[in-house]
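# Inside the fold
Residue-level listing of the chains:
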Amino acid sequence: MDLAAGFPSTSRDDWRALAIAVLRKSGVDAETPEEALSHSTYDGLAVAPLYDAADLPASAPFERGSRPAGGWDVRQRHALPDPEAVMADLENGVTSLWLVVGDGAIPVAELPRVLKGVFLDLAPVVLEAGELTAEAAEALLTLAGDTPLQGNLGASPLSPEAAELAARCAAGHPGLRAVTVDATPYHDAGGGDAEELGCSLALAVAGLRALTAAGLTVQQACDQLEFRYAATDDQFATIAKLRAARRLWDRVTEVTGASGSQRQHAVTSSAMMTGRDPWVNMLRATVACFAAGVGGADAVTVQPFDAVVRPPDAFSRRIARNTQSLLLEEAGVGRVVDPSGGSWYVERRTEELAGQAWAWFQEIEAAGGIEAAAELVAGRVAATRERRAADLAHRRLPLTGVSEFPDLEEKPLNGASSSGPFLASHSPAALATGLPKIRYAQEFEELRDLADAQAERPKVFLATIGPVAVHTPRAAFAANLFRAGGLDTETAGPGADPEQIATAFAVSGATVACLCSSDKLYGQHAEAVAAALRRAGARTVWLAGKGDYDGVDGYVHAGCDALGVLRTTFRDLEVTR
């Protein structure tokens, strides 16, 4: 039955004609609606306002992966030697363990205690041990004895122990892999999705060369690899990334003569996590976990919401695992294989991302491989990081609770530690990647920390002009912006008398002011109020909005450089460490 049979047929051109007419009535000067409404990802891919059947790939495959319907492996990360926490997770929904081993984490000698009571033939164990990988793997294998192990020993593809461990797994532990192709360092350094994918391919191919040179067959080498990717709160980007990753790896295995789908472990992004208003991290992680599940990840790790500010406690670990349990058991996200398959938008985005990532992979290979191209990779990732930083600074990429809607009355979490963050990318085993570890919120949070450290919270005076209904929208905007840096605000209240406003400013004790009103009232009063504020001792006078007024030093408005405004204001307020 054709549900649309009773409606006249339409085409994309019909939509274009209607859309451009509406846009032009709104004052938008563009030749096509795509020109006005499209935007680009950090990989340079255009996201269009409309997709239709023409955007589907010309032929299969739809990147469905090999995960059976029913769900994914719920993998919880542990970086402390806490056997009670391990057992609590396994008894309440977690199906595999990710153990960080080494100095500052779980000592190798503590592995038997941490895994006491764990059925190693049922609960897969994934190790992350950095330079101690060989020692940690030996300890795990010894502990297992004749028990058939599942999981991953966590060797880097290019580490000296990778080949030996891979050979042991291939010979005697069919459910155990030896190598983790970890692409999250490229994401956590600020890279885009295509860069993360291309680097993961280059790293995996370099690992295949090393493993086959040591005597493994291509098939055996491929079977030893598990890929780790970051999942973010941009759900469609994550879905497309995981689907594109499988398509790319399928192409590699096709060329090498091997078979088998890519094994994927998705981890909620460390870079997107915030230390301020950390409760919002629950929402970010939920969206990221949903996207990882829909995208077809074989295993998913949700990082605890408090991992930026303290070692995760029992409550935050419970929330992390229950996030997955709710999506699996209540929402049934895992019941359908590749639910986004056939979506015009997702298929097109997957196709374009895969093409971009493959081109980047080829560029790395042409430069001599992932090791020889280290400088090329660092430069490309840095360029993307700078573009993202500009969007964050201008709040085009808003961070709820940090750059938008900050709460200056927020109470810190109990047990907060200055030795953090306690995120996956900041663990002892993950620090020697040669790339920076960033968080998108860190520059705003550094200003918040500086403001909090003052004996009295720094303040900006909002010189509100006119009645409440007129000045409130821009006063609220300005207050939100200044509070993103930890600065308090005080308003003049209703009125337009310059001397009255200047008197209120002097009483406030502030030295920086911001005019807040409508464009009409700015034309009548802005210059007089700015002059009165100067006479009252104002070092800097901002204006919420745009224009050109004598006595005004700068303007705060949607799309302005919020970080630049805050840093200038800190300087003018003489806020120092």
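Criteria and cut-off values
Residues numbered from 1 in each chain as written. Predicted model: local features only at pLDDT ≥ 70, side-chain atom pairs only at ≥ 80, totals over all residues. Heavy atoms only, no water. Phe/Tyr/Trp six-rings, centres within 6.5 Å; stacked < 30°, edge-to-face > 60°. Lys NZ or Arg CZ within 6 Å of the ring centre and 35° of its normal. Salt bridge = Lys/Arg side-chain N within 4 Å of Asp/Glu carboxyl O. Helix = DSSP H or I, 4+ residues; strand = E, 2+ residues; numbered from the N terminus. Buried < 20%, exposed > 50% of the residue type's maximum accessible area, 1.4 Å probe, protein only. Pairing = 2+ DSSP bridges. Right-handed = clockwise from strand over helix to strand, strands pointing away. Axes fitted to C-alpha atoms, helices over the stretch in contact; angles between N-to-C directions. Contact = heavy atoms within 4.5 Å. Left-handed = near helix turned anticlockwise from the far one by under 90°. Nonpolar A, V, L, I, M, F, W, Y, C, P; charged D, E, K, R; others polar. Bend = angle between axes of the 7 residues up to and from the residue. Arc of directions from axis to C-beta. Polar contact = N/O pair within 3.5 Å; in protein donor to acceptor, adjacent residues only side chain to side chain.

### Digging into the packing of aromatic side chains
Scanning the entire structure with this criterion turns up eight aromatic pairs. Site record: aromatic cluster; members linked through ring pairs are Phe227, Tyr229 and Trp249. Just above the ring of tryptophan 98 sits the side chain of arginine 228; from NZ or CZ to the centre is 4.2 Å.

### A word on the pattern of salt bridges
Where charged atoms from two side chains of opposite charge approach closely, those side chains can pair. Counted under the stated rule, the structure contains 33 salt bridges. Put simply, lysine 241 and glutamate 196 hold a salt bridge, and the shortest N to O gap is 2.7 Å. Highlighted residues: lysine 241 in helix 10 (residues 235-256) and glutamate 196 in helix 8 (residues 193-213), separated in sequence by 45 residues. As far as the burial class goes, lysine 241 and glutamate 196 line up, both buried. With a closest N to O distance of 2.5 Å, arginine 209 and glutamate 365 form a salt bridge. Pair noted here: arginine 209 is in helix 8 and glutamate 365 is in helix 13 (residues 344-366), with a separation of 156 residues, a long-range link. Each of Asp73, Arg75, Glu226 and Arg263 takes part in salt bridges that share partners, so that together they form one network.

### What about the pairing of strand 8 (residues 225-231)?
Burial analysis of strand 8 places seven of its seven residues in the buried class, the great majority of the element. Residues Leu225, Phe227, Tyr229 and Ala231 of strand 8 are buried on one face, and the alternating residues Glu226, Arg228 and Ala230, pointing to the opposite face, are buried as well. Here four bridges tie strand 7 (residues 176-182) to strand 8, and the two strands are oriented parallel to one another. Of the residues in strand 8, the one forming a bridge with valine 181 is phenylalanine 227. Here strand 8 pairs with strand 9 (residues 264-268) via five bridges, running parallel. For alanine 231, the partnering residue across the bridge sits in strand 9 and is threonine 268. For the handedness criterion, the β-α-β arrangement of strand 8, helix 10 and strand 9 is classed as right-handed.

### Notes on the pairing of strand 9
Burial analysis of strand 9 places five of its five residues in the buried class, which makes it a mostly covered element. Residues Gln264, Ala266 and Thr268 point to one face of strand 9 and His265 and Val267 to the other, with burial holding for every one of them. Pairing between strand 9 and strand 10 (residues 299-301): three bridges, direction parallel. Directly across from valine 267, in strand 10, lies its bridge partner threonine 301. Regarding topology, helix 11 (residues 280-295) serves as the crossover connection from strand 9 to the parallel strand 10, and that connection is right-handed.

### Observations concerning the sheet that holds strand 15 (residues 554-556)
Taken in spatial order, the five strands make up an open sheet running 12-11-13-14-15, and their pairing is parallel. The outermost strands of the open sheet, each flanked by one partner alone, are strand 12 (488-491) and strand 15. Direction aside, neighbouring strands of the sheet carry axes that sit 30° apart on average. Across the face of the sheet, helix 17 (residues 498-508) comes into contact with strand 11 (459-464), strand 12 and strand 13 (512-516) while running at roughly 165° to strand 11.

### Overview of the packing of helix 11 against helix 12 (residues 314-330)
Packing of helix 11 against helix 12 leaves a shortest axis separation of 10 Å and a crossing angle of 35°. For helix 11 against helix 12, the interelement crossing comes out right-handed. Note on element contacts: helix 12 touches helix 11 through Phe315, Ile319, Thr323, Gln324 and Leu327, opposite Met282, Thr286, Cys289 and Phe290. Tallied by class, the residues present in the contact of helix 11 with helix 12 amount to six nonpolar, three polar and no charged.

### Here's the deal with helix 16 (residues 468-483)
Along its length, helix 16 shows its largest kink, about 25°, at arginine 474. Inspection of helix 16 places His471, Ala475, Ala478, Ala479, Asn480, Leu481 and Phe482 among the buried residues, and these make up the whole buried set. Against strand 11, strand 12, strand 13, strand 14 (540-544), strand 15 and helix 19 (562-572) lie the buried residues of helix 16.

### A word on helix 6 (residues 162-172)
Among all positions in helix 6, only Ala162, Ala163, Leu165, Ala166 and Cys169 are buried. Looking straight down helix 6, one finds that the buried residues subtend no more than 165° of arc, so they occupy a single side. For helix 6, exposure combined with an orientation more than 90 degrees from the buried face picks out Glu164 and Ala171. Packed against the buried residues of helix 6 are helix 5 (133-144), strand 6 (151-155), strand 7 and helix 8.

### Digging into the environment of aspartate 73
Looking at where aspartate 73 falls in the secondary structure, it is placed in strand 3 (residues 73-78). Each C-alpha atom of the pair aspartate 73 and alanine 478 lies 46 Å from the other, and the pair is 405 residues apart in sequence. When neighbours within four sequence positions are excluded, aspartate 73 is seen to be in contact with Thr95, Ser96, Arg263, Asp298, Ala299 and Val300. In this structure the side chain of aspartate 73 is engaged in a polar contact, spanning 3.2 Å, whose partner is the side chain of arginine 75.

From the geometry alone we can't say anything about function, so treat these as descriptive.
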